[in-house]
Every structure is written in C-alpha cells, then in structure tokens.
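Coordinate inspection notes
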Amino acid sequence: MKSLPITIDSVRKAYGSYVALDDVSLDIRAGEFLTLLGPSGSGKTTLLMALAGFVRPDSGKLLLGDRDITRLAPNKREIGIVFQNYALFPHMNVLANVEYPLALRRRRKAEARQRALDALARVKLDGLSERGIGELSGGQRQRVALARAIVFEPRVMLMDEPLSALDKNLRETMQYEIRRLHDDLGITTIYVTHDQREALTMSDRIAVMNSGRIQQIDAPQHIYDRPSTRFVAEFMGEANIIAPGLARRIDGADAPRETLMIRAESLHLDASLAGRDGVALDGTLRAKAFRGENWLLTLALDGGQEILVCIPAALAGGCVELAASQRVTVYAPAQKVHVLPGAMA
Ligand code: ADP
Ligand code: MG
C-alpha cells in the first residue's frame, strides 16, 4: 500500500465571527505520524474534520498527494477515521462493524469477511468477531474502531483523541499498539490529543495548536527542549520562564540578558552537574514535596518570581534536610538553558 503526503494550505474556517482555523498551513509527509496537540477549543477537531470532509473550509486547499480533495465527498477520500467515542453501531456485532466500510464500498461479501478478520487479527481481537458491541470493554471497542478504520486500506488515518476515555494503563498500552500498527502499515497518520506526554511518546512530529493557529511544528525533543513561544514552553511541561537578569553565569561572565526557559528537571542542587558555563539561580525555599521518583522544590528567586525544581530521588540526598526559608542556589547546564525567542529584554 502506498501512503500519501497531505498538504494543508491556508485553511480557514469561521463559525460566525469566531475563527476556529486561522489560515492553517501544514505539510504531512507520506507515512509520517504527526500529532496535533493543543488545549480544548484550539481547532484540532475542526482541522481533522476538514480533512475528513465533514467540515467545509471557508478558504484554502487540502491535497492528498497531488490530488485536491477540498471539495471531495468524505467517502471518496480514502481516509480512515477513529473518534474518541468509538462511533460503532451498537446493534451490529464486531465483525459486521468492521465489514461495514467494505459493504459501503460494495466489495464482495467473502472478500469483505476475510479482510475484516485480518483487520481484527491486527488489533488482537481474533476470536471476538461474533461479540456484541455492548459486551466489550472500552479498550476492546477502541480496537474495533481501529480495525474498522484500517479495513479498507486507507491512504491516510485520522484519529481524534481515540484514547481519552480509557484509563491510564490501558491508554499507555494502546499508545504503543497504535504506533506499532502505524509502523506496520505505513499509513500517513494525523493523531489528535490534548495530552502532551501522549504526543511526545507517539509522534514523529508534533504540531502545537492554539486559538486556531499552529504555533510550532517539530520533532518531540525539539518541541520540548526548544519551544518557540512561551505558550509551547508552558504547554509541554514544567517550564520555568526566567525574566532577564535573574540568572547569573556560574563562571562569573556577564549574566544572560534574554528571557530564559529552564525545565524543572534541568535544575540541580549540585553545581558540578551544571559545568562552568552553566547558570545559577539564587533563591529561598518556599515548599518541598516528596513524590516518590523525585522531589519537587519551589524556590522564590530574589525579586519574587517562583520556580519549580525537580530533583530525582536518587540525587536528592540533601532534600530531606532542606528547611523552609533556607537560602538555596540551583544550577543548570548551558545546553539546558533555552533562550525564548521573541522575548528579549
Ligand atoms: P478542539 O478539538 O481543539 O477542542 P474544535 O476544533 O472542536 O477544538 O473547536 C474549535 C473552536 O470552534 C471551539 O471554540 C468550538 O466551540 C468552535 N466550534 C467547533 N465546531 C463548531 C460549530 N459547529 N459551530 C460553532 N462553533 C464551533
Ligand atoms: Mg476536539
């Protein structure tokens, strides 16, 4: 099966005066696993539904390969879709649900059956084909939805928060299995989530959305380590945004004059973990909490700004004795100090 690239070219969609998609442009490579990540209301579902053909853009173009699909009927787009709420037919059994897209495409009965059974085997549901939907767990239902989405060998797969109804352990198993299914089939996939860890775990690239716009598109590690905006920095994890002038260089060189972003886990109590060209932050301990695998410290920097410091339990020898209001200095290596673009002093 040949997978295809997707081009989203200046797509705009407004509901009345509310702009849900604000001239979104995005190129997804053939066979890529790309995640749209953003808070609720940022336009993720609208963008996915535009690709699927259920939302008509006000302007802009959508291409599958070099074919313009902007005005094509949804069932002509060769796109498989998995929703959060399964959208399975409750009155049909598992097999009939998975055969449905093939019946819709008027495939022969015997061929449809064999393909549906193959798809069910791929998602590890062999043996459950005669079950009713009501007899399945949430995880099993989502597997049926996956099988139904891949059964007609689509060129593209769209998934809208498919795991958000599942509990944490099952969600992590399914993340791994969806990624493996993608790698086996090589289908270009756009995955939607508001869960940053899920996005980091699963994706080749992440597009971070906010207010109908894409703020940054990059590989997971780049998005995490080198966010291009304050919004991306704070959405991706515990981000300390340090105002100009609060950090000093460990080697005594001139202090950085930009706004800095330092992740909580990049700060250390032990200066030797930072190196001479790292930075130091001086403050007062406000709070400390033991969280099992780490300690979380809250420091008030001189000037009042609070930062979070995450010390792995294995390196936290000194944390137990730290007392409230004690003076504390924390250190970060130079390569973990990110200058936040566009936020100069
Ligand atoms: P997300 O999936 O990121 O949570 P959506 O794409 O569902 O966001 O929605 C983006 C914005 O567009 C939201 O503010 C939502 O209320 C609005 N919206 C979505 N669909 C409609 C609609 N059919 N009519 C009016 N407003 C809508
Ligand atoms: Mg949504």
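Bear in mind the structure is a predicted one, so any value in this text is a computation, not a measurement. (Residues numbered from 1 in each chain as written. Chains lettered and ligands numbered in written order. Predicted model: local features only at pLDDT ≥ 70, side-chain atom pairs only at ≥ 80, totals over all residues. Heavy atoms only, no water.)

The subject of this paragraph is the environment of I262. By the element assignment, I262 lies in strand 13 (residues 258-263). For I262, the residues in contact, after removing those within four places along its chain, are A239, N240, I242, L267, V279, L281, A332, K336 and V337. (Helix = DSSP H or I, 4+ residues; strand = E, 2+ residues; numbered from the N terminus. Contact = heavy atoms within 4.5 Å.)

Moving on: the packing of aromatic side chains. Per the counting criterion, the structure on display carries four aromatic pairs. Measuring from ring centre to ring centre gives 5.6 Å for F231 and F235, while their planes differ by 15°; the resulting arrangement is stacked. Of this pair, F231 and F235 both sit in helix 8 (residues 230-235), separated by four residues, roughly a single helical turn. Overall, the relative accessible area of 21% leaves F235 in the partly exposed class. (Phe/Tyr/Trp six-rings, centres within 6.5 Å; stacked < 30°, edge-to-face > 60°. Buried < 20%, exposed > 50% of the residue type's maximum accessible area, 1.4 Å probe, protein only.)

If you look at the biggest cluster of nonpolar residues, it comprises 35 residues, and the most contacted ones within it are V98, L146 and I178. Contributions of two or more residues to this core are made by helix 2 (94-104), helix 3 (109-122), helix 4 (138-150), strand 7 (156-160) and helix 5 (168-185). Here the element with the most residues in this core is helix 4; it accounts for six residues. Among residues more than four places away in sequence, those in contact with I178 are F33, L146, M159, P162, L163, Y191 and M202. One finds L4, I8, L21 and I28 within the second-largest nonpolar core, a separate group that totals 28 residues. (Core = buried A, V, L, I, M, F, W, Y, C linked by side-chain atoms within 4.5 Å.)

The assigned domain composition of the chain is domain 1 (6-235) and domain 2 (239-339). A separation of 39 Å is found between the C-alpha centroids of domain 1 and domain 2. Contact with domain 1, which involves eight residues of that partner, is made by eight residues of domain 2. Contact with domain 2 buries surface across domain 1, with Y224, D225 and A233 losing the most and accounting together for 58% of the total. (Domains from an automatic or database assignment. Buried area = accessible area lost by both parts, 1.4 Å probe.)

A few words on the sheet that holds strand 10 (residues 213-218). The six strands are arranged 6-7-8-3-9-10 in an open sheet whose pairing can be described as mixed. Edge positions in the sheet fall to strand 6 (79-82) and strand 10, since each has one partner strand and no second. Shown here is a sheet whose adjacent strand axes are inclined to one another by a mean of 20°, direction ignored. Here strand 3 (residues 33-37) pairs with strand 9 (residues 205-210) via four bridges, running parallel. Note on strand 9: the bridge partner recorded for L37 is V208. Contacting strand 6 and strand 7, helix 4 runs over the sheet at an angle of about 170° to strand 6. Running at roughly 140° to strand 3, helix 5 makes contact with strand 3, strand 7 and strand 8 (188-193) of the sheet. (Pairing = 2+ DSSP bridges. Axes fitted to C-alpha atoms, helices over the stretch in contact; angles between N-to-C directions.)

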